[in-house]
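Architecture and fold: a report
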Amino acid sequence: MEEIVFGSRGAARSPWDLSEPELAAACRFIAEGRVRHAAGMLRTEAIQLFIVWIETLNMPVRTGDDRETRAALLSGLRKRTIQVLVRLRQVSERSTPVC
């Protein structure tokens, strides 16, 4: 999971390549405090995002309106989660000494 959150140097995956469940899992990883560089605000936001991810992924889709609502929520969650992951990577790169 750490590779998803921080991206490993050899990995070609970026936050934009992650699926919805992987983005939700990244939020959970940050929310559980397993990321050393996640400050209080980032961790709090990850907790809130994870809760909304779970609600949205488990949302029943019965009508076209339900599908539209779910698609809009997923789009917004994807965008915000990617912003958090990019910000977290920037913070971690600044605080990690380069040899």
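Notes on the structure in this doc start here. (Residues numbered from 1 in each chain as written. Predicted model: local features only at pLDDT ≥ 70, side-chain atom pairs only at ≥ 80, totals over all residues. Heavy atoms only, no water.)

**Some thoughts on the environment of M59**
Stated formally: Note on conventions: DSSP H or I runs of at least 4 residues are helices, E runs of at least 2 residues are strands, and numbering of each starts at the N terminus. Partly exposed residues are those whose accessible area sits between 20% and 50% of the maximum for their type, while under 20% is buried and over 50% is exposed, using a 1.4 Å probe and protein chains only. Pairs of residues are marked as contacts when any of their non-hydrogen atoms sit within 4.5 Å.
Positionally, M59 belongs in the loop between α3 (40–57) and α4 (64–95). Owing to a relative accessible area of 24%, M59 belongs among the partly exposed residues under this scheme. Separated by 11 residues in the primary sequence, M59 and R70 place their C-alpha atoms 7.3 Å from one another. Residues within four places of M59 in sequence aside, it is in contact with D66, R70 and L73.

**Points about a nonpolar patch on the surface**
Applicable threshold: Patch members must show over 30% relative accessible area and no salt bridge, and they are joined within 9 Å when carrying like charges or within 5 Å when they are nonpolar side chains of Val, Leu, Ile, Met, Phe, Trp or Tyr. Using a 1.4 Å probe, the Shrake-Rupley method yields the accessible areas, and only the shown protein chains count as cover for residues. One speaks of a salt bridge when a side-chain nitrogen belonging to Lys or Arg is within 4 Å of a carboxyl oxygen belonging to Asp or Glu.
A cluster of nonpolar side chains, I47, I51 and V52, forms an exposed patch at the surface whose accessible area comes to about 220 Å². With respect to the secondary-structure elements, I51 resides in helix α3. I51 sits in the partly exposed class, given a relative accessible area of 45%.

**Quick look at helix α2 (residues 20–31)**
The following threshold applies: The span expected for a helix works out to 1.5 Å for each residue beyond the first.
Here α2 is 12 residues long and its end C-alpha atoms lie 16 Å apart, about the 16 Å a rise of 1.5 Å per residue gives. When we look at burial in α2, the residues that qualify are L23, A24, A26, C27, F29, I30 and A31. One or two steps after α2, the chain reaches G33, where phi turns positive at roughly 80 degrees.

Purely spatial values, then, with no claim about function.
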